[in-house]
Each structure stands twice: as C-alpha cells, then as structure tokens.
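Report on the structure
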Amino acid sequence: MGLFQKLFKKKDNRPQIKERTPLSLEVGDIVVYDLTDYEVVGKINYRQGSYEWFGYQLLEGNDTIWLAAEMDDDLELGIYKPIKLPVSYPFPKQISYQEKTYYLDEEGEARVVGEGRSRNVNGSIVKYAEYYDDEESYFISLEHWGSEMEVSLGYPIEEYELKIIAGSNS
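Calculation criteria
Residues numbered from 1 in each chain as written. Predicted model: local features only at pLDDT ≥ 70, side-chain atom pairs only at ≥ 80, totals over all residues. Heavy atoms only, no water. Helix = DSSP H or I, 4+ residues; strand = E, 2+ residues; numbered from the N terminus. Buried < 20%, exposed > 50% of the residue type's maximum accessible area, 1.4 Å probe, protein only. Pairing = 2+ DSSP bridges. Salt bridge = Lys/Arg side-chain N within 4 Å of Asp/Glu carboxyl O. 1 Å grid on protein atoms, 1.4 Å probe; cavity = no way out; pocket = protein on both sides within 12 Å on 5 of 7 lines; lining within 4 Å. Points joined across faces, edges and corners; volume = space filled by probe spheres on them. Contact = heavy atoms within 4.5 Å.

The protein appears in an unreviewed UniProt entry as DUF4178 domain-containing protein from Aquibacillus albus.

Laid out in structure tokens, this is it:
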C-alpha cells in the first residue's frame, strides 16, 4: 500500500461479527431451516455439572420451534415442537403418543440461564427426561418446571440443514 493509499484509507469502526455455530447462537440471530427464516427469540443454557447444552426458541410469524444443540462425542442437533400430552412427575418409564411407544433414555436436573423470551427461567433448576421411539427417529422431551410440565416432540437434524445469519445486535 502506497503512502497516498495509507493517508486516505478509511478506518472500519464497525464491530466485528463473530461467526455463529449451533453452539453459539444469540438472541436476534436468524436460523434458516427447511426453507423458513426463524428469528432466535429465546435461549436457554442448561448445565448439569460440567456438561452443557442449549435450547433456542425460534420464531417465524406465529410458528415456534425449538432447536436443541449439544456437543457429546459429536454435535447433536434436534428440532422440537410443543405437544399436548398429559404427563406428570415423577417421570414414567415409557410414554405412548400417536400410536408409538417412547422409552426413557435419560433423566436428571440442570441449572439454567435464560435469555430473550426465556429470561424468566434464568437461575431455575429444571428436571428433564428424554425418550426415544423404537427406531430412535423421534424423541419426546419432558421438562418439569416446578408446577408446569412442558412436553415436546422432536427429531434429529444435521448441521448442514441449518444456515445461520448473525443478528445486527451482535
């Protein structure tokens, strides 16, 4: 670069936007999934000991889905949608839903940090359980928040199915 170019080069004072991954999404980011643009409106960070995973509330119009992301041996991703299913605590060993049986895979409790629309759960402890069907192609997730039970039906996805666009507030 010559002296003339150095004198007249404009400084770029815009903040650098960090590249997003399914493990680093922020409220305000856009996630494109199944040809639909969803805004990340809520984020829950779950911690159980040193293990952590994330739930992102994605909104498009009136349609809300949840993206679950965790790094186990490999990156594991799932899309979950709330369902109505009467379940109570303590968690049962199996659940029937739409003529399928789901079997308890794991349960425990985690401390959560919530952001955006999920900030109301910040600092809470949630009891959770995960169930799988015979083919392990669908899951049922239960979250017991004290007096409330949230039930979701989910399925696994691959990272290449997502496109992430960092939001302007990043």
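Further remarks concern unusual backbone geometry. In this structure, Pro90 follows Tyr89 across a cis peptide bond, with omega equal to 5°. For Pro90, the position within the fold is in the loop between strand S5 (75-82) and strand S6 (94-97). Notably, Leu35 is not glycine yet its phi reads approximately 65°, a positive angle. You can see Leu35 is positioned in the loop between strand S1 (30-33) and strand S2 (36-48). Here the phi dihedral of Glu136 falls at roughly 55°; this positive angle occurs in a residue that is not glycine. Checked against the element boundaries, Glu136 lands in the loop between strand S8 (125-132) and strand S9 (139-145). When its relative accessible area of 55% is taken as the criterion, Glu136 is described as exposed.

The subject of this paragraph is the pairing of S5. Bridging between strand S4 (residues 63-71) and S5 involves 6 bridges; their strand directions are antiparallel. Paired with Ala69 across the strands is Leu77, a residue of S5. Here S4 folds back onto S5 in antiparallel fashion, the turn holding 3 residues. Of the strand pairs in this sheet, S5 and strand S10 (residues 148-157) are connected by 6 bridges, and their pairing is antiparallel. Bridge pairing in S10 places Leu77 opposite Ile157.

This structure, assessed with the given rule, holds 6 salt bridges. With its nearest N and O atoms 3.0 Å apart, the salt bridge here joins Glu52 to Arg47. Here Glu52 falls in the partly exposed class, since its relative accessible area comes to 28%. Lys100 is the salt-bridge partner of Asp133, the closest N and O atoms lying 3.0 Å from each other. With Asp133 in the loop between S8 and S9 and Lys100 in strand S7 (residues 100-116), this pair connects stretches of sequence that are 33 residues apart.

In this approach a probe as big as a water molecule rolls over the atoms, and the regions it shows empty are the leftover space. Computed from the structure, the largest pocket encloses a volume of approximately 1,100 Å³. Lining the largest pocket are 41 residues, and of these Trp53, Ala68, Tyr80, Glu130 and Ser141 sit closest to its centre. Those elements that provide at least two residues to the lining of the largest pocket are S2, strand S3 (51-60), S4, S5, S8, S9 and S10.

So, about the environment of Lys100. On the basis of relative accessibility, which here comes to 28%, the residue Lys100 falls in the partly exposed class. Each C-alpha atom, one on Lys100 and one on Tyr138, is 9.8 Å from the other, the two residues being 38 residues apart in sequence. Those residues in contact with Lys100, other than ones at most four positions away along the chain, are Ile95, Asp133, Glu135, Ser137 and Tyr138.

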